[in-house]
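These are the residues of each chain, in order.
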Amino acid sequence: MATTDVAPQGTGGQLGRKRIVNDMSIQVATVNGSGSQSSNTVLLRAIFQMGVPVSGKNLFPSNIAGLPTWYTIRANKDGYIGRKKEIDFLVAMNAETAQDDVMSLAPGASVLYDEPLALEKLRHDLVFYSVPYDKLVATVCPEAKLRKLVKNMVYVGVVAQLLTIDMGEVEKAIRKQFATKVKAANLNLAAAQAGFDYAKASLEKRGVFYIERMNETAGKIIIDGNSAAALGCMFAGCTVVTWYPITPSSSLVETMIEYMKEYRIGPDGKATFAIVQAEDELAAIGMVIGAGWAGARSMTATAGPGISLMSEFAGLAYYAEIPGVIWDIQRVGPSTGLPTRTSQGDILATAFLSHGDTKHIMLIPCSAAECFSMASDAFNLAEQFQTLVFVMSDLDLGMNNWMSDPFEYPTTPIKRGKVLDKADLEKLGGFARYKDLDGDGVGYRTLPGTNHPAAAYFTRGSGHNDKSNYSERPDDYENNMERLNRKFETVRSFVPRPEILKGTNAKIGIIAYGTSHWGIIESRDQLRAEYSIETDYLRLRAYPFTREVHEFIEQHDRVYVVEQNRDAQMLSLLKLDLKPELITRLRSISHLDGLPLDARSVTDELSTMEGK
Amino acid sequence: MATTDVAPQGTGGQLGRKRIVNDMSIQVATVNGSGSQSSNTVLLRAIFQMGVPVSGKNLFPSNIAGLPTWYTIRANKDGYIGRKKEIDFLVAMNAETAQDDVMSLAPGASVLYDEPLALEKLRHDLVFYSVPYDKLVATVCPEAKLRKLVKNMVYVGVVAQLLTIDMGEVEKAIRKQFATKVKAANLNLAAAQAGFDYAKASLEKRGVFYIERMNETAGKIIIDGNSAAALGCMFAGCTVVTWYPITPSSSLVETMIEYMKEYRIGPDGKATFAIVQAEDELAAIGMVIGAGWAGARSMTATAGPGISLMSEFAGLAYYAEIPGVIWDIQRVGPSTGLPTRTSQGDILATAFLSHGDTKHIMLIPCSAAECFSMASDAFNLAEQFQTLVFVMSDLDLGMNNWMSDPFEYPTTPIKRGKVLDKADLEKLGGFARYKDLDGDGVGYRTLPGTNHPAAAYFTRGSGHNDKSNYSERPDDYENNMERLNRKFETVRSFVPRPEILKGTNAKIGIIAYGTSHWGIIESRDQLRAEYSIETDYLRLRAYPFTREVHEFIEQHDRVYVVEQNRDAQMLSLLKLDLKPELITRLRSISHLDGLPLDARSVTDELSTMEGK
Amino acid sequence: MATTPAEPRSPEPKTNHIGLTVIDYKGGKTTLCAGCGHNAISERIIEAMYDMGVQPERVAKLSGIGCSSKSPAYFMNRSHSFNSVHGRMPSVATGAMLANRNLIALGVSGDGDTASIGIGQFVHLMRRNLPVIYIIEDNGVYGLTKGQFSATADLGSRLKSGVINDLPPIDTCGLAIELGATFVGRSFSGDKKQLSTMLKAAIAHQGTVMLDVVSPCVTFNDHEGSTKSYKYVKDHEETLQEMSFVPHFEEIDVEYDAGTTVNVTMHDGSSLRLRKLEEDYDPTHRIAAMKRLSEAHDKGEVLTGVFYVNTKAPSFLDMLNMVDQPLATLPESLTRPGREVLAAAMEELR
Amino acid sequence: MATTPAEPRSPEPKTNHIGLTVIDYKGGKTTLCAGCGHNAISERIIEAMYDMGVQPERVAKLSGIGCSSKSPAYFMNRSHSFNSVHGRMPSVATGAMLANRNLIALGVSGDGDTASIGIGQFVHLMRRNLPVIYIIEDNGVYGLTKGQFSATADLGSRLKSGVINDLPPIDTCGLAIELGATFVGRSFSGDKKQLSTMLKAAIAHQGTVMLDVVSPCVTFNDHEGSTKSYKYVKDHEETLQEMSFVPHFEEIDVEYDAGTTVNVTMHDGSSLRLRKLEEDYDPTHRIAAMKRLSEAHDKGEVLTGVFYVNTKAPSFLDMLNMVDQPLATLPESLTRPGREVLAAAMEELR
Ligand SMILES: Cc1ncc(C[n+]2csc(CCOP(=O)(O)OP(=O)(O)O)c2C)c(N)n1
Ligand SMILES: Cc1ncc(C[n+]2csc(CCOP(=O)(O)OP(=O)(O)O)c2C)c(N)n1
Ligand code: SF4
Ligand code: SF4
Ligand SMILES: [Mg+2]
Ligand SMILES: [Mg+2]
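Every value quoted in this text rests on a predicted model; they were computed, and no experiment measured them. (Residues numbered from 1 in each chain as written. Chains lettered and ligands numbered in written order. Predicted model: local features only at pLDDT ≥ 70, side-chain atom pairs only at ≥ 80, totals over all residues. Heavy atoms only, no water.)

Novice: Describe the overall build of chain C, listing the residues and the values that go with them.
Specialist: Helices and strands together make up the secondary structure of chain C, namely 12 helices and 13 strands. For 350 residues, the compact-globule formula gives about 20 Å, and the C-alpha radius of gyration of chain C, at 21 Å, lands near that figure. Dimensions of chain C, computed from the C-alpha atoms along their principal axes, are close to 70 × 55 × 45 Å. Split into buried and exposed, the 350 residues of chain C put 64% on the buried side. (Helix = DSSP H or I, 4+ residues; strand = E, 2+ residues; numbered from the N terminus. Rg over C-alpha atoms; globule rule 2.2 N^0.38 Å. Buried < 20%, exposed > 50% of the residue type's maximum accessible area, 1.4 Å probe, protein only.)

Next comes the structure, spelled out in structure tokens:
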């Protein structure tokens, strides 16, 4: 893409009067519980429907109502949908934060505010638009108690007019939003129209930002990662779901309940699944393990505190070799931390979760599409390798709105792994649960209820031999542990391979994972454009690491590992895995403030570290 | 010491008729619950009283009665009291295992067995002695139902005679063992005497093993690490102990209860402590944290499964900065694993215990004396740095009998750390809980109940600023996390320094920790004597690592990190801490069978890796 | 589980109504102490399962950690078994039943495993009325860790060491009833007839069965001063009913006097006959049951019998309205919706 | 906690008997929803602490996680507070009281924090009768995670989404009494007089006080179909007693009729007066209390009042026989035995 398109971003406003088209971030500052969510979604969709790539990120407080919330819509013609550091267009609806919000803007930005706030006095290097919301609402909404709700829709109309968003698209978005609720739809539409008309009549466009039709979103969908994961798990043939509510994972299961009720009812009108709200995370994983042992495809979803509580059971699953899938929608820790902020801080704790020598498989989606596809990978790997698989998503991916290509129907059939049924046992006569017959470290199991006298075996978290009989023999213990190690080595060649994006003969590599991806792809272009730094990029998709990861590092002089935690957790895992000679090539860039990673921060830090 | 003294060991028996003095391991094979413990102790003490260095290790099953148990006494003039791989003298009391026990002996070993077992037919390269226990017992013990108990004391007499152990010392040991129970003492003495007399009269000494008086144990004590830790905690001024029973940690608290009841009753006849058996480990650490927050010196003791259950609370203590001491008496994991076998398998899980970016201090004792002294270190560090301190002992250290110099009375006064009282607050007017006034990352705290209107602050595991007010601000979060990092850096220069033993201009270094120490010191002499490999040795005593650790590695071409787990857990922590260039020097030797580390295994593996 | 031969055995051994001999219900050799109450309970389980003609392969044995929790290794080797982690058997059992509703879940726990570390999961299991037979092998101490008091130890009970318990015991039966379990009773490892009868009824029941079986620890809690010793229980036992059980597959039936005997018809058609030893004690009356249990406490009785039974309440599985076939073995055709479903979902999101 | 000025304030403000004004008991600005029951409870706590003349510095506020557990930030800024982790406040409170027995521990929890994840620690806290005032701000849902059912939700209660709760509720009062708590009652965030009176009595009590306070969640559980809504409680409330409280420091005393009123003399000499609204309900009778609670269930009443009070039972601190001075601040001379003690110990081991 032309570098000139990219360059302006960092310094948005300074350009003065140059038109900036389909490249902006719009921030709506409001209070949570004020029902601004629907107007934000309408605005997002309207832009999306105009063919312009978008993303919507909600920055909300850890309480239920009355505190400041910021919703940021990014529209970008080049498809950069990660977080943008600078705000170009502020919709100031929250008196409490209006001042700070305005003061933190870069020169040249636009501000739309509620007349009484009188913000225009604050600065002279911004473009201000004021709107008498209450007056406008009063006209369109006779019922006083409804006004608070529709008030927010007014700014959608104003913004549409100022940014030249087609009102037809706004109407379409409103009708979709309120679906069957026609009365509500009409009321909101009227509110938006009132805003639009007011802006047309009384506001003089002075800002530089414009939305114009393009064709980059045709056929695409808008979805949050948790909903994508829910769909993915449904199509992965998940049968047992247990959970204990925790932000930001709750919506994964709550959405799944909706989908399963709709699409997973058997012929006899009965459920082909069980979803149980457990009393806590210890019970949630206990049920997952009990169900996995008995042959269900079982899962739970949680966040950091839940991961910690699952530690003891995770060790049991590793050692007794029981399948299960655990979604960790990461939020900021330690402890309760910042429950409504995003992070990649559970990587290290999860890799080695539980006492003793334990290791766990992790899959790391970066997009809604991967939340969907990795759900199938996770269940297949869990059953093939008879162990837990952790899917490490995060709040940014799980709870924010992402544009995505429609998901592809799973290409491979469900893989149940090495399970012996009655017929097999009749052939074999018997079996040894933990015997490594195939040299891959994976034994054969039977399911409880298998109607054959030789089907039963005894599962335990204490020492056992390959017949799963109790054993304290040093050699039995050691052999078993070494086999578990072999199994984990086998896993390397079955987990999703990394995605690699090449620059033009770059000496520098970047390794990142999960949602950092969106900041990285944008930053790579910035680095090229602004510092002519060429980079190759490897996006990790799983732990243990595959061959490609080692090769990538071998091929580069310096490799920057970018992640969203303090302690360079993934870089630590790399250190443990790499040939010592290669470790010297690693550099850490870590992002720690709980906000989604933005390209600018990476560009600044990397270029500095490169001495530019 | 003269190398000739050392050489024979590996090949014990082969020496044929050469006398072997004060250098042997005696193994008593019996069943648990058969009360052989007292006779084993008597035998141990008798040798100890003859001035010969000894250790006693109990290899017991994870059940209560009826399964095979092996007690091994090692006597060694050079002070090697780690486990010796070969058994020189077997006392076969358990019919069930007698065959295997005999077959696994090296040629030249001696076997003492109960006549009916008729073991002498099994092999021709061993020295056999048979004893008609039941006959002998019947004569000395008219009461039939007591015979089972005293039967074991008979072999003590036989062994004494065969190994030329002074019966006077046996008597002294018996009197000490039965203390006030004079009748029992006399009965047991008679049994021992009967064994002694029988051996004298009817057994011809053919073995090569002798115990002779020397003067290496004068003033020394015999104690298990858990009892030493209990004493240490009492003298460390511990006031609150919570626990949930788990092998091998239970005896630490149970012994502590005894000591505290005896020595920690205040003038008014009331306890200066509280010891509470909690309902589980989550409650145990919760109480420790509540008590630490309110100003007590609080602790708990547990093992791997407990550590896993404490994960969530550990993150709270790290982030809210609350002192507490946790003893992890490590046993073999993962999961329930082998509860009665020893391991160093919780290192990695503990270092990063809990989700999010967390790190914890670990102290690692190698001896009873260090269990005692590190107790004070642990409480001082916990309060100085307002965080948890984990003391990583293990089953071998905690539950076995160790010879030790008497403990030294604590030299430094109790350090309570940065606590502001009423008077301070009157001067200061107020304070900010998490403000880094001193640049060491450590803030000042107040205790609940401090009678000053400015004393109170709000403790939380959620985001907070330096006044401990709730905050979701990115900068507050980031600053706080960076300060916590600074604090952890400060800790480096306050934890116990490593012990370093130099060879003569050695190029090779060995790093080990905890009970591996005893195998290492012996192995270094073997390496010198048998392979003329000179080694320097650094014994880690704490995490985070101190300057000396990095220097030691810088000073050596190759550094062997020896540990008792599968995944080279301490080596992993070193990798994360070291300059990348240095990592290439590290080699791993890990010992994984649940038995205490023996010198021979290290010598064999290291010499092979050195290409000898 | 090689110890049980599958081939036919010596000429016509005694068999039950599904043609299995008692050997088909045996387990491995016990490693518990000789005389441990837990061993007796294992025997009763074998007996009851044999008499009821339960297909061993349908049974899932579940346990936590403790001497008691080890015992599933000592009976029914032809049944799958899961010795999980300490205090968490209820959640594992729940998961197993979700995966395969046709299993007969037999949970074995200890008083420490249940009343101390496990009380949280216990409470929620009872609340759900999940079909499971939950047996507490109750000795008032942590046997496997050498005899510390558990949360069922009675006030004033004394350890060998002389330590006295000064906390009130948790009455697991009282709790179970209060929380919603539908078959609750207490028995004694030494009472063969009562215990086997209760176990048979338990097998016939659908819903949560909670049996607190006092099971003395001969090594750590069978001495003078213990309230869980063989002697103490014998001296203080109060039995609510004299019980007999008539399985559904037995034609012959004995008369009973409706005035003195409560007849409970179980889900499978078997009947449990409870001849009242206490006037007007009605085991279908929740509140009365709890009242009687509290009184037993105040009187220091070891009250045994079937305290409460409710054959009407819906079980957790009923509430979930799952397909009849076990979820574990549903074919892909039922667990993975078709392409049209994905297409529809995608369309909604455009 | 800068929000509360320490300097003297405007001329003679109203003060309590230790000379503090109500402002000395105030907290930070609430971030809970307007109308949330929890805010009303915070007000009552401030009131009761002020009226009882409790020194704020003696109070330790403890909580778990939830909207309810946040509320300690909104009252009594002059008291230390610990907002710990989800469901584990009981153990933290226990530790704090072990460290400093002179503290007045005020635990604030929610129904999810207590009855779901926290039920295990709850059970054991009640059993120990630790001196602590344990308040459940009970709205039947997980407010902070947006309104899923908790374990106190009633059978048949309906969420806005239409989901019906099909599991029986856990009656935390019934449990508390069964387990050994010595002051147990239920109130309603909307009932100012009853709640403050109970709180004052709670402050005067030594031992575990368990108060289940129904506290509607206006955002997620205050609609038609909820059994924890303001309307539902008002319609279904049954009050056991009309209560009044006479603190020990108040000379004047009002007459009462011993026939219709139970007078409970609290540890500190205050008296709690319970005028019976139900004939012969005796709040000192454990079994009767539990019986009445079970009946309330069956009848679908929201029963409020003081269900059980026992001023005789020893508290956990009594059992531990600790020195009177807080362990937290004992001097080294008392916590580190002398050299002669070490010498003696070493001698024993030679
Ligand atoms: C998490 C955890 N904590 C502690 C232990 C140690 N432990 C093993 S068994 C047991 C108690 C067993 O008591 P109970 O359930 O009554 O069984 P019993 O041995 O008396 O039959 C304990 C505390 C453990 N295995 N896991
Ligand atoms: C270990 C853990 N699991 C889950 C959560 C998420 N969570 C926060 S509050 C809450 C429930 C709160 O419900 P309740 O105690 O009733 O308080 P309320 O908000 O209703 O007042 C949950 C599940 C958490 N913080 N920690
Ligand atoms: S210790 Fe007690 S409970 Fe354990 S096996 Fe022995 S007798 Fe049974
Ligand atoms: S969500 Fe409910 S419980 Fe939470 S603050 Fe709002 S009203 Fe109160
Ligand atoms: Mg027990
Ligand atoms: Mg609630």
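Novice: How would you sum up the site of ligand 2? Please name residues and give values.
Specialist: If you check the shell around ligand 2, you find 23 residues, and the closest are Glu281(A), His38(D), Ser68(D), Asp113(D) and Gly143(D). Chain contributions to the surroundings of ligand 2 come from chains A, B and D. His38(D) places a side-chain nitrogen or oxygen 2.8 Å from an oxygen atom of ligand 2. Here Asp113(D) contributes a backbone N or O atom positioned 2.7 Å from an oxygen atom of ligand 2. Burial of ligand 2 by the surrounding chains reaches 98%, relative to a free accessible area of 590 Å². Residue composition of the shell around ligand 2, grouped by class: 10 nonpolar, nine polar and four charged. (Near = heavy atom within 4 Å. Polar contact = N/O pair within 3.5 Å; in protein donor to acceptor, adjacent residues only side chain to side chain. Areas by Shrake-Rupley, 256 points an atom, 1.4 Å probe, with all protein chains shown as cover. Nonpolar A, V, L, I, M, F, W, Y, C, P; charged D, E, K, R; others polar.)

Novice: Report on the relation of the copies chain B and chain A, specifying residues and quantitative values.
Specialist: Overlaying chain B with chain A gives an RMSD of 0.0 Å, the required rotation being 180° about an axis along which the chain moves by 0.0 Å. As the rotation angle and translation indicate, the two copies are arranged about a two-fold axis. Mapped onto chain A, 100% of the interface residues of chain B are again interface residues, and the two copies thus contact each other with one and the same surface. (Least-squares fit on C-alpha atoms with pLDDT ≥ 70 in both. Contact = heavy atoms within 4.5 Å.)

Novice: Quick one: what's the story with the coordination of the magnesium ion (ligand 5), residue by residue and with numbers?
Specialist: When a metal carries six donors in an octahedron, the ideal angles between them are 90 or 180 degrees, while four donors in a tetrahedron ideally lie at 109.5 degrees. All names here are of chain C. Summarising the metal site, the magnesium ion (ligand 5) is bound by the protein donors Asp111 (OD), Asn139 (OD1) and Val141 (O), whose distances to it range over 2.1 Å. Read N to C, the donor residues that coordinate the magnesium ion (ligand 5) are spaced as D-x27-N-x1-V. Of the two residues, Asp111 is situated in helix H4 (residues 111-116) and Asn139 in the loop between strand E4 (132-138) and strand E5 (141-142); the sequence distance between them amounts to 28 residues. The exposure classification of Asp111 matches that of Asn139, with both residues buried. (Donors = N, O, S within 2.8 Å, 3.2 Å for Na, K, Ca; no water.)

Novice: Now, about the interface of chain A and chain C: what can you tell me, with residues and values included?
Specialist: Opposite the 75 residues of chain A that make contact, chain C presents 58 residues. Taken together, the two surfaces of chain A and chain C that pack against each other cover about 5400 Å², and 65% of this comes from carbon and sulfur. Linking chain A with chain C are two salt bridges, by the criterion used here. In this structure, Lys270(A) engages Asp324(C) in a salt bridge whose closest nitrogen and oxygen atoms are separated by 2.8 Å. Between the two partners, chain A and chain C, sit 22 residue pairs in polar contact (both at pLDDT 80 or more). Of the residues belonging to the side of chain A that touches chain C, the class tally is 43 nonpolar, 20 polar and 12 charged. In this structure, strand E18 (residues 458-460) of chain A lies alongside strand E2 (residues 80-83) of chain C, joined through three bridges in parallel fashion. Each bridged residue has a counterpart across the sheet, and for Thr459(A) the counterpart in E2(C) is Phe82(C). (Buried area = accessible area lost by both parts, 1.4 Å probe. Salt bridge = Lys/Arg side-chain N within 4 Å of Asp/Glu carboxyl O. Pairing = 2+ DSSP bridges.)

Novice: Kindly report on the sheet that holds strand E12 (residues 271-276) of chain C, identifying the contributing residues and their values.
Specialist: Residue and element names in this part refer to chain C. Reading across the sheet, the three strands line up as E10-E12-E11 and stay open at both edges, with antiparallel pairing between neighbours. Each edge of the open sheet is held by one strand with a lone partner, namely strand E10 (241-246) and strand E11 (261-265). Going across the sheet, the axis of each strand differs from the next one's by a mean of 20°, ignoring polarity. In the sheet, E11 pairs with E12 via five bridges, with the strands oriented antiparallel. Within E12, the position partnered with Val264 by the bridge is Leu272. (Axes fitted to C-alpha atoms, helices over the stretch in contact; angles between N-to-C directions.)

Novice: Go over the interface of chain B and chain A, please, and point to the residues and values.
Specialist: The partner chain A presents 61 residues to the 61 residues of chain B that form the contact. Buried area between chain B and chain A, summed over both chains or domains, comes out near 5300 Å², and the portion from carbon and sulfur atoms is 60%. The partner of Glu472(B) in a salt bridge is Arg341(A), with the nearest N and O atoms 3.4 Å apart. If you list the elements that add at least two residues to the side of chain B that touches chain A, you get helix H11 (304-309), helix H12 (311-320), strand E14 (338-342), helix H13 (347-351), helix H17 (474-491), helix H20 (569-577) and helix H21 (580-583) of chain B. Broken down by element, the residue count for the side of chain B that touches chain A peaks at seven residues, all from H17(B). Tallied by class, residues from the side of chain B that touches chain A come to 24 nonpolar, 24 polar and 13 charged.

Novice: Please set out the packing of aromatic side chains residue by residue, giving values where relevant.
Specialist: Counting across every chain of the model gives 32 aromatic pairs over all chains. With 5.3 Å between their ring centres and 70° between their planes, Phe385(A) and Phe494(A) make a pair best called edge-to-face. Here Phe494(A) lies in the loop between helix H17 (474-491) and strand E19 (499-501) and Phe385(A) lies in helix H14 (residues 368-385), a separation of 109 residues in the sequence. Accessibility expressed as a relative area gives 46% for Phe494(A), which makes it partly exposed. On the basis of an interplanar angle of 20° and a centroid distance of 6.4 Å, the ring pair of Tyr259(B) and Tyr263(B) is categorised as stacked. Here Tyr259(B) and its partner Tyr263(B) are both found in helix H9 (residues 250-263), four residues apart, which amounts to about one turn of the helix. (Phe/Tyr/Trp six-rings, centres within 6.5 Å; stacked < 30°, edge-to-face > 60°.)

Novice: Break down the sheet that holds strand E12 (residues 271-276) of chain D for me, with residues and values.
Specialist: Residue and element names in this part refer to chain D. Taken in spatial order, the three strands of this open sheet run E10-E12-E11, and their pairing is antiparallel. Strand pairing shows two members of the sheet lacking a second neighbour, strand E10 (241-246) and strand E11 (261-265), which therefore form its edges. Direction aside, neighbouring strands of the sheet carry axes that sit 20° apart on average. This element, helix H7 (residues 192-204), spans E10 and E12 of the sheet and lies at about 50° to E10.

Novice: Report on the coordination of the magnesium ion (ligand 6), specifying residues and quantitative values.
Specialist: Residues and elements named next belong to chain D. Ligation of the magnesium ion (ligand 6) by protein atoms is provided by Asp111 (OD), Asn139 (OD1) and Val141 (O), these donors lying 2.1 to 2.2 Å from the ion. Between consecutive donors of the magnesium ion (ligand 6), the numbers of intervening residues give the motif D-x27-N-x1-V. Of this pair, Asp111 sits in helix H4 (residues 111-116) while Val141 sits in strand E5 (residues 141-142); the two residues are 30 residues apart in sequence, bridging distant segments of the chain.

Novice: Before we move on, can you summarise empty space enclosed by the protein with the specific residues and values?
Specialist: Volume-wise, the largest cavity comes out at about 160 Å³. Around the largest cavity, the lining is made up of 19 residues, and of these Arg88(C), Gly120(C), Arg88(D), Ile117(D) and Gly120(D) lie nearest the centre. Each residue belonging to the lining of the largest cavity can be placed in one class, and the counts come to six nonpolar, seven polar and six charged. Roughly 130 Å³ of internal volume is contained in the second largest cavity. (1 Å grid on protein atoms, 1.4 Å probe; cavity = no way out; pocket = protein on both sides within 12 Å on 5 of 7 lines; lining within 4 Å. Points joined across faces, edges and corners; volume = space filled by probe spheres on them.)

By themselves, these observations are geometric and do not establish any function.
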